[in-house]
Amino acid sequence: RRLCPSFLFMLKKKKILLAVTGSIAAYKTASLVRLFIQNGAEVKVIMTKAAQDFLPALTLATLSKNKVLTDLFDEDTWANHVMLGRWADLMIVAPATCNTISKMANGICDNLLLAVYLSATCPVWIAPAMDEDMWNHAATKNNLLKLQEYGNQILPVDNGELASGLSGEGRMAEPAFIIDKVSHFFNIDYHQDLVGKNILISAGPTYEALDPVRFIGNHSTGKMGIAIARECANRGANVQLVLGPSTEIIPANLNVTKVKSAADMYDACVSLFSNMDIAIMCAAVADYTPVNIAKEKIKKNDAIFTIELKRTEDILKKLGSLKSPKQLLVGFALETENERENAMKKLQSKNADFIILNSMKDEGAGFGYNSNKITIFDKEGNSNAFELKSKEKVAQDIINTILKKYDA
């Protein structure tokens, strides 16, 4: 795959340091190196000893046209680990195993890759690759949060078949996705079109408490809203993310308000809205909440247990009533029937400028997926349907559509 001419120019003479660790996903790095070389970048490769069990160093040396560096104590690398981190415009650890992520997060330095990482003055990106249980383990999440706090960028993992034979999250991002992200990173114009804009984004589910240990919730992970927030921040915006309960990794360049209930999210969004240029309400907010919350854990006594519910405050409708002519308001509609009619009705009743429609009938879209399929409706009656894409690509489509309206 070749990039368009503008991206080709942005990669020309860029120095990429690719660090490969011991994962079956190491086979993807051959394609990644080839894509970088095809599009004008200069590539140097570091491999751990374990990585060479999955992919010969000769393969990447041939593709990169540079010697692959492997041993901290070789004469060629002992004094050069500092210079490598200063040479590169960008260091990418791909694949990054659970073991290497842990060592990076805790400052352990027992191989060349880690020595270079700890010496690097360039930005560092990390493309994790591991089995789903390892990916979801609290220790891994904490290590990734540490790495983000240090200023590193964590690339999202894919959902699919894993080396264990199971299917789930943990697959390393595809080379085409990584090359696109790198191209955008070096495209200075890409980062400037939201500079000076204040953007409010809601994401994730809400949890409506029944008692101290139980709640009513939904299957939202926050992936879509976080992808939109990341896209806005990468393009220079000041992002305020109001986030419900979520285990997703949060980029370090966001201002995050964590909430639990629909009432919490309502209060946070309403208080922040007046200072915003754009608000994108992506969260899956509960429509109903219990009338009474038990102070103690509800015991299993009766055969039938009835819960009385009341309507929650409508966040999108409230923001629509507060919206000034200079503000843009965007809502989401997740539908299972009469999708278009329900989306248009929501657009009008909430005084929104855009409604983004998801259908639960679309395979590969909706809660928990790394992909999504949307149709964007505006209040002038126009609609734009997009094909199934990664949520990162969907976020780009959303922001590009909003900007056309905002700039007009």
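This text goes with the structure placed above it.
Calculation notes
Residues numbered from 1 in each chain as written. Predicted model: local features only at pLDDT ≥ 70, side-chain atom pairs only at ≥ 80, totals over all residues. Heavy atoms only, no water. Salt bridge = Lys/Arg side-chain N within 4 Å of Asp/Glu carboxyl O. Buried < 20%, exposed > 50% of the residue type's maximum accessible area, 1.4 Å probe, protein only. Helix = DSSP H or I, 4+ residues; strand = E, 2+ residues; numbered from the N terminus. Pairing = 2+ DSSP bridges. Core = buried A, V, L, I, M, F, W, Y, C linked by side-chain atoms within 4.5 Å. Contact = heavy atoms within 4.5 Å. Axes fitted to C-alpha atoms, helices over the stretch in contact; angles between N-to-C directions. Phe/Tyr/Trp six-rings, centres within 6.5 Å; stacked < 30°, edge-to-face > 60°. Lys NZ or Arg CZ within 6 Å of the ring centre and 35° of its normal. Parallel < 35°, antiparallel > 145°, perpendicular 65-115°, else oblique. Left-handed = near helix turned anticlockwise from the far one by under 90°. Lys, Arg positive; Asp, Glu negative; His and termini not counted.

Peer 1: I would appreciate a short explanation of the pattern of salt bridges in the present structure.
Peer 2: Any two side chains of opposite charge can pair if their charged atoms end up close together. Enumeration over the complete set of coordinates arrives at 14 salt bridges. For the salt bridge of Asp211 with Arg214, the shortest nitrogen-to-oxygen distance reads 2.7 Å. Here the salt bridges share partners, and the residues they tie into one network are Lys28, Arg171 and Glu174.

Peer 1: Sorry, what's going on with the pairing of strand S8 (residues 198–203) here?
Peer 2: In summary, the side chains of a regular strand alternate between the two faces of the sheet. Across the six residues that make up S8, a large majority, five, are buried. Inspection of the sheet shows S8 paired to strand S11 (residues 238–243) by six bridges, in the parallel sense. Along S11, the bridge assignment pairs Ile201 with Leu241. Pairing analysis gives four bridges linking S8 to strand S13 (residues 278–281), with the strands arranged parallel. Of the residues in S13, the one forming a bridge with Ile201 is Ile280.

Peer 1: In this structure, what is going on with the nonpolar core? I would like to understand it.
Peer 2: As a rule of thumb, nonpolar side chains are buried together in soluble globular proteins. Membership of the largest hydrophobic core comes to 35 residues, with the highest contact counts inside it found for Leu60, Ile92, Ile178 and Val182. Of all the secondary-structure elements, those providing two or more residues to this core are strand S1 (15–20), helix H2 (28–38), strand S2 (42–47), helix H3 (57–64), strand S3 (90–96), strand S4 (124–128) and helix H10 (175–186). Those residues in contact with Leu60 that sit more than four places away from it in its chain are Val20, Thr29, Ala30, Val33, Val45, Met47, Leu55 and Val68. Of all hydrophobic cores here, the second largest spans 34 residues; its members include Leu194, Ile201, Cys232 and Leu254.

Peer 1: What am I meant to see in the sheet that holds strand S5 (residues 153–154) here?
Peer 2: Strand pairing in a sheet relies on backbone hydrogen bonds. The paired strands run either parallel or antiparallel. Taken together, the five strands give an open sheet; going across it, the order is S2-S1-S3-S4-S5, and neighbouring strands pair in parallel fashion. Edge positions in the open sheet fall to S2 and S5, since each of these has one partner strand only. As paired strands, S1 and S2 are joined by six bridges and run parallel to one another. Its bridge partner lying in S2, Leu18 is registered against Val45. Running at roughly 160 degrees to S3, H10 makes contact with S1, S3, S4 and S5 of the sheet.

Peer 1: So what exactly am I meant to see when it comes to the sheet that holds S8 here?
Peer 2: Taking strand neighbours across the sheet as the criterion, the eight strands line up as S12-S11-S8-S13-S16-S17-S19-S20 in an open arrangement whose pairing is mixed. On the outer flanks of this sheet lie strand S12 (255–258) and strand S20 (383–385), each paired with one strand and no other. Here the strands of the sheet are splayed against their neighbours by 15 degrees on average, with no regard to which way each runs. Bridge analysis of strand S17 (residues 354–359) against strand S19 (residues 375–378) gives four bridges, and the strand direction is antiparallel. Pairing of Phe354 across the sheet is with Asp378, part of S19. Along the sheet face, helix H14 (residues 339–349) touches strand S16 (328–335), S17, S19 and S20 and points at about 155 degrees away from the line of S17.

Peer 1: Where do I start with the packing of aromatic side chains in this structure?
Peer 2: Aromatic ring pairs are reported here in terms of the distance separating the ring centres and the angle at which the planes meet. Inspection of every chain in the model, using the stated rule, returns two aromatic pairs. On the basis of an interplanar angle of 75 degrees and a centroid distance of 5.3 Å, the ring pair of Trp125 and Phe185 is categorised as edge-to-face. Taken together, the positions of Trp125 in strand S4 and Phe185 in helix H10 put the pair 60 residues apart, joining distant regions of the chain. Residue Trp125 is classed as buried on the basis of its relative accessible area of 3%. Relative to Phe215, the ring of Tyr207 has its centre 3.7 Å away and its plane inclined at 15 degrees; by these criteria the two rings are stacked. For Phe215, a relative accessible area of 42% corresponds to the partly exposed category. In this structure, Lys44 is placed above the aromatic ring of Trp87, and the distance from its NZ or CZ to the ring centre is 4.6 Å.

Peer 1: Help me out: how do you make sense of the packing of helix H6 (residues 98–105) against helix H9 (residues 138–149) in this one?
Peer 2: Angle between the axes and distance between the axes: these two values describe a pair of packed helices. Running from N to C, H6 and H9 cross one another at 50 degrees; their axes reach a closest spacing of 9 Å. Put simply, H6 runs oblique to H9. Our pair here, H6 against H9, has a crossing hand that is left-handed. Residue-level inspection shows Cys98, Ile101, Ser102, Met104 and Ala105 of H6 in contact with H9, the latter providing Thr140, Asn143, Leu144, Lys146 and Leu147.

Peer 1: Is there a simple way to think about unusual backbone geometry in this case?
Peer 2: A negative phi angle is the norm for most residues apart from glycine, just as the trans form is the norm for most peptide bonds. Of note, the bond from Ala94 into Pro95 is cis; its omega dihedral lies within 30 degrees of zero at -5 degrees. The topology assignment puts Pro95 in strand S3. Unlike most non-glycine residues, Asn351 shows phi in positive territory, near 60 degrees. Topologically, Asn351 is positioned in the loop between H14 and S17.

Peer 1: When you look at the packing of H2 against H10 in this model, what are you seeing that I'm missing?
Peer 2: One way to put it is that H2 packs onto H10 with a least axis distance of 9 Å and a crossing angle of 35 degrees. The two elements H2 and H10 cross, and the hand of that crossing is right-handed. When H2 is examined against H10, the residues Lys28, Ser31, Leu32, Leu35 and Phe36 are found in contact with a partner set consisting of Pro175, Ala176, Ile178, Ile179 and Val182.

Peer 1: Where do I start with the side chain of Lys181 in this structure?
Peer 2: Mapping Lys181 onto the fold places it in helix H10. The side chain of Lys181 sits in the buried core without any salt bridge; Glu231 is the nearest counter-charge, 5.2 Å away. Every residue in contact with Lys181, bar those within four places of it in the chain, is listed here: Trp125, Gln153, Arg230 and Asn234.

Peer 1: Just to check I follow, could you spell out the environment of Val182 for this structure?
Peer 2: Relative to the helices and strands, Val182 is located in helix H10. Its relative accessible area of 0% is what places Val182 among the buried residues. In this structure the C-alpha to C-alpha distance between Val182 and Ile16, which are 166 residues apart in sequence, comes to 9.6 Å. Beyond its immediate stretch of four places on either side in the chain, Val182 contacts Leu11, Ile16, Phe36, Leu90, Ile92 and Trp125.

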